[in-house]
Amino acid sequence: MTVLSWPDIKTNATRFAADYASVRNERAEAQTFWNDFFQIFGIERRRVAVYEKTVLKLNKKTPGFMDLFWPGVLLVEHKSAGQKLELAETQANDYFVNLKDGEHPRYIVVCDFQNFWLKDLDAGTEVRFKLAELPARIALFGFLAGRQSASVRADDPINDKAVRKLSRLHGALQADGFKGHPLQLLLVRLLFCLFADKTGLFEPAGKFTDLIENGTREDGSDLGPVLNQLFDELDTSIELRQKAVPTWFLDYPYVNGQLFKEKVRTPSFNAVMRGLLLDCCHTDWSKISPAIFGSMFQHIIDGQATAAHDIRRELGAHYTSEENILKLIGPLFLDALKAEFLAVKSSQKKLFEFQKKLRGLRFLDPACGCGNFLVITYRELRLLELAVLRAVQGFGTRIADPFKAVMVDVDQFNGIEIEEFPALVAQVAMWLVDHQMNVQAGELLQQWLPRLPLNRSANIRIGNALEIDWADFCPPEHLNYILGNPPFIGKQNQKESQKEDMARVLAATDIHGGGVLDYVAAWYIKATQYLVGNRAAQADERRRLFADAAFAQAKQADFLNEPVDAGALIARKSIDDIFQLAEQQDEAARQKIGVAFVSTNSICQGEQVGVLWSWMLKEGMRVEFAHRTFSWSNDASGEAAVHCVIVGFGLAERVEKLPARRLFDYADVDGLPVESCVARLNPYLVDAPDVVLPNRRNPLCNVPPTIYGSKPADGGHLILSDDEYVALVEAHPEAKSLLRPLASAEEFLHNKMRWCLWLQGISPAQWAAIRAVKDRVEEVARFRAASTKAQTRELALTPALFAEIRQPTSKYILLPLHSSERRRFIPFGYCEPDVILHNSCSAIPDASLFHFGVLLSTMHNAWIRYTCGRLKSDYRYSASIVYNNFPWPSSDTNEPIGSDNKAYQAIEIGAQGVLDARAAHPGSSLAVLYDPTTMPPDLTRAHQLLDQAVDKAYGAKKGAFKTDANRVAFLFERYQVLADRISAEAKAQSETEDDDESGGSEA
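In short, a report on the structure. Nothing here was measured: the structure is a model prediction, and the numbers come from that model.

A count of helices and strands for the chain gives 37 helices and 26 strands. The buried share of the chain, taken over its 1003 residues, is 55%. In the chain, once contacts between residues fewer than 6 apart in sequence are set aside, the share between residues at least 24 apart is 73%. Accessible area of the chain: about 43300 Å², with a carbon and sulfur share of 50%.

Now for the sheet that holds strand β17 (residues 719–721). Read from one edge of the open sheet, 4 strands run β17-β19-β18-β23, paired in mixed fashion. Edge positions in the open sheet fall to β17 and β23 (836–837), since each of these has one partner strand only. Two elements, strand β18 (residues 739–743) and β23, share 2 bridges in a ladder whose sense is parallel. Paired with leucine 742 across the two strands is isoleucine 836, which belongs to β23. Most of the contacts of helix α26 (residues 722–731) go to β17, to which it runs at about 100°, and overall it touches β17, β18 and β19 (754–757).

Judged by pairing direction, the sheet is mixed, and its 6 strands sit side by side in the order β1-β2-β3-β4-β5-β6 without closing on themselves. Each edge of the sheet is formed by a strand with only one pairing partner; in this case those strands are β1 (50–56) and β6 (125–130). Averaged over neighbouring strand pairs, the angle between their axes works out to 30° when direction is ignored. Two elements, strand β3 (residues 74–78) and strand β4 (residues 107–111), share 5 bridges in a ladder whose sense is parallel. If you follow histidine 78 over to β4, its bridge partner there is cysteine 111. Here helix α2 (residues 26–39) sits on the sheet and contacts β1, β2 (63–70), β3, β4 and β5 (115–120); the angle it forms with β3, its principal contact strand, is near 150°. Relative to the sheet, helix α3 (residues 85–97) contacts β1, β2, β3, β4, β5 and β6, its axis offset from that of β4 by approximately 150°.

Looking now at the packing of helix α6 (residues 180–199) against helix α8 (residues 223–234). Contact pair α6 / α8: the axes reach a minimum separation of 12 Å and the direction vectors enclose 70°. Between α6 and α8, the crossing angle belongs to the class labelled roughly perpendicular. The two elements α6 and α8 meet at a crossing, and its hand is left-handed. Contact residues: α6 offers Leu186, Arg189, Leu190 and Cys193, while α8 offers Leu227, Leu230, Phe231 and Leu234. Residues belonging to the contact of α6 with α8 are distributed by class as follows: 7 nonpolar, no polar and 1 charged.

Our next topic: the pattern of salt bridges. Enumeration according to the criterion identifies 44 salt bridges in this entry. Put simply, aspartate 411 and arginine 359 hold a salt bridge, and the shortest N to O gap is 2.7 Å. You can see aspartate 411 sitting in the loop between α15 (402–405) and β8 (413–417) and its partner arginine 359 sitting in helix α13 (residues 348–360), a full 52 residues away along the chain. Using a relative accessible area of 26% as the deciding quantity, one classes aspartate 411 as partly exposed. Of the charged contacts in the structure, one is a salt bridge between aspartate 687 and arginine 680, with a shortest N-O distance of 3.4 Å. The exposure class assigned to aspartate 687 is partly exposed, which follows from its relative accessible area of 25%. Under the relative-accessibility criterion, arginine 680 is labelled partly exposed at 30%. Residues joined by salt bridges that share partners form a network here, namely Arg359, Arg382, Glu385, Asp409, Asp411, Asp434, Arg451 and Arg456.

Moving on, we get to the packing of helix α18 (residues 496–507) against helix α19 (residues 521–532). Contact pair α18 / α19: the axes reach a minimum separation of 10 Å and the direction vectors enclose 30°. Judged by the angle between their axes, α18 and α19 are roughly parallel. α18 and α19 meet at a crossing whose hand is left-handed. Contacts between α18 and α19 involve Met502, Val505 and Leu506 from the first element and Ala522, Ile525, Lys526 and Gln529 from the second. Taken together, the residues of the contact of α18 with α19 break down into 5 nonpolar, 1 polar and 1 charged.

How two aromatic rings sit relative to each other is given by the distance of their centres and the angle of their planes. All told, the structure shown has 46 aromatic pairs when counted by the stated rule. Between phenylalanine 341 and phenylalanine 354, the aromatic rings sit 6.3 Å apart at their centres with planes inclined by 35°, giving tilted as the arrangement. A residue pair is termed long-range when its members are at least 10 positions apart, and phenylalanine 341 in helix α12 (residues 322–344) and phenylalanine 354 in helix α13 qualify at 13 residues. Per residue, the accessibility class of phenylalanine 341 equals that of phenylalanine 354, and both read buried. With a centroid separation of 5.3 Å and 55° between ring planes, the pair formed by phenylalanine 961 and phenylalanine 970 is classed as tilted. The partly exposed category is assigned to phenylalanine 970, whose relative accessible area is 23%. Feature note: the residues Phe16, Tyr20, Phe33, Trp34, Phe37, Tyr107, Phe113, Phe116, Phe129, Phe141 and Phe143 constitute an aromatic cluster, connected by ring pairs. The cationic tip of lysine 207 hangs over the ring face of tyrosine 252; the distance from NZ or CZ to the ring centre is 4.8 Å.

Conventions we followed
- Residues numbered from 1 in each chain as written.
- Predicted model: local features only at pLDDT ≥ 70, side-chain atom pairs only at ≥ 80, totals over all residues.
- Heavy atoms only, no water.
- Helix = DSSP H or I, 4+ residues; strand = E, 2+ residues; numbered from the N terminus.
- Buried < 20%, exposed > 50% of the residue type's maximum accessible area, 1.4 Å probe, protein only.
- Contact = heavy atoms within 4.5 Å.
- Areas by Shrake-Rupley, 256 points an atom, 1.4 Å probe, with all protein chains shown as cover.
- Pairing = 2+ DSSP bridges.
- Axes fitted to C-alpha atoms, helices over the stretch in contact; angles between N-to-C directions.
- Parallel < 35°, antiparallel > 145°, perpendicular 65-115°, else oblique.
- Left-handed = near helix turned anticlockwise from the far one by under 90°.
- Nonpolar A, V, L, I, M, F, W, Y, C, P; charged D, E, K, R; others polar.
- Salt bridge = Lys/Arg side-chain N within 4 Å of Asp/Glu carboxyl O.
- Phe/Tyr/Trp six-rings, centres within 6.5 Å; stacked < 30°, edge-to-face > 60°.
- Lys NZ or Arg CZ within 6 Å of the ring centre and 35° of its normal.

Purely spatial values, then, with no claim about function.
Below is the structure:
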């Protein structure tokens, strides 16, 4: 079949309109009319559509005959000139209702030779026009050849329907014993064919469906060999094909791209499997989103979901939504490119230069999965290129060769994926989106642009990205951006192989304490190493290569990226000069590269910041842009919400030249971001100095230290519920003196009551005399003796006591270590020393109302939100990170203000006001009082007054801090001053001690 250009098609449409200008009689001419109509596109009607197809009418009793029917595509009702087309339209609608599933066409046409009514059922539109207008309207019928761009949306139900159908075929073949690599390759090939069948890569549209439906036996016995022969033909260039090839395989294009090259064993089909494939064929694959389909399908074949379940909900955190991908690629490069396009669109010359720039960009996703990031990024580049071509046409410039006009291509994209199937899907997904964009380009340029054979491909490497040398795979001089969504796996959930990956990556660094890092940190480390490079090793390698001048002449271009007579250069310059030039070019290549990853927000909070980012900052990395915490698009049933950040970073030399850093913040983690431009961005994603908080043993300021609560390690036998307490005391009144109230975070926040046996300092004879108590102690001994930990087994020798005892001896402030992220304030509170502090809490003994007030303030709670670790999304209060690094309100000497200070006294008054407001609601737990929806007005007001006192103590005027970010930026500035002073004092002390030792030695 000849592939026709749009001008050819318009010429044919003009001739057709003239030929049928005077035709009127349906019975005599209708079928000839439609045969010739299909020939406008070079399509033989009989290959795709039938006349007089029988179908029951709406009443399901009377048979009707559709004038022309193309299953899944088109239904035509034709009338003689002068007959009412409204009746024809009613007829067509009657037929439509009782068609089989998969046969329902997208388009309905009613016609009387001189008038066309074209209805697009998917779009809900109808166009009416005269035969004479056909040449101008012919593009409306581009769907006949698969040449019409479809509306592709990730949320379109067609994606769900298609993946369910293909998954059923996958399940049937797998259950029959066809599995592993041959099955995966077959599915990817079928995916390409199904898409090609509906989008014009195979012409006419429906050619592949016709082969399966009419070219194979109903029992499926020959389907496997037919598919294999088709795959062979698709991998054979036209000039090398046999002339005796069966008719069914004629006119298929040469695909290439290595997709059909590998020979695998022939699958066997039965009637059911053939039916399942036909079911797939009857789906409109032109509307499939390559960005989501692969992820959905992989989720099913990995056994993580079934076709009977809600795939989107179960896909959850495994899929990066288009919305989140755009959040990353926008500030990484796309927004700047769009701005540049607007700046150059008035100059034709600059537009061509800009298009060349687009063609020169290179991307790497080192955890690409099914290619979501690559697909969306490629699509956006192509859309920008289309805008360029549209602007060029606006100058009246005729684009002579549309095939050369489109420059951006899939070979600009690289990916690494550890599993074979998603890597195969990623490869095909890039071709699919490429064709979707080619269809749009063809409509703009009035030329059909199928890029077959596939001469270029995305470079997808199957392997472990944490073992592969990224620079070897993608040399820095051939890369602009690293991006993606590496795996979300916390330190507690890593498999053994993933722990080995982490150990191997960390071994190449001087990072200390890397055991606390999430798995995603390995990609941050690898990206940093890529940008920094191993300069010493590179220099040694260059010296080795350049030691031989003859070898240098052969290899010079590799290092200098330009043709150079190495011998002449060496004659003029020293080898050191050549090394220096090569190193400068390598450095420039790495400096231009931007990196951005979607990550769990733990990467920028808590102890991980000090471990990872202190090293990254030392290596020269700086944060370029960021999205603060937002909720992952995760509707996975039974899954906790995943809170993410997006961090863009690069070498300081480049980032620090930027006029500003872009920061996207979320008032609601499920809401939309608000962008601001800031001067700096530190690893906590705050406009503040590049500092990281260390695990500090003692408070930065002169305030009371915290202590952890006591740990039972008792199997629950030393702890009693309120009912158990009552029962024990009623049976043994003498046991009352052995029992103390127990305060864990749960009891403290929810006004629950639990008790514990507190036998420290109690004579064994006293408690052993009570059988119920003795039994509990014996259970503790058995529990500890059975432990796998030696330290716990040793504690079986003292079963009457808590494993770790750290009970305050005076009134203390209780700090719950975990608290809901919904709360604006973590509800700290006072406890008496007879209340035993559980190890789910910390305490500050001997703390004043001043300390209590500052801890309860918005200032301190903002610090918590930005610096604490997280358990899922809940706050995890850490003494060593959060409390010990907190910069308290201080005097000019940077010491915390004293009790004689008015600000100190005002904070105490405010703190007491909060306690009084709590006391006014004796029936309400702290969990209720501090729930944002139930917090009483008087308590809210008390906190506002306390905040005013605390802010004033920091020297701020009323209303100076509009957001948490403002507060935390201010606190980091204060922290830097205090930390620098402490460091300077420590250094001075060390030098004094050295001088003393030196003097003593001389004496």
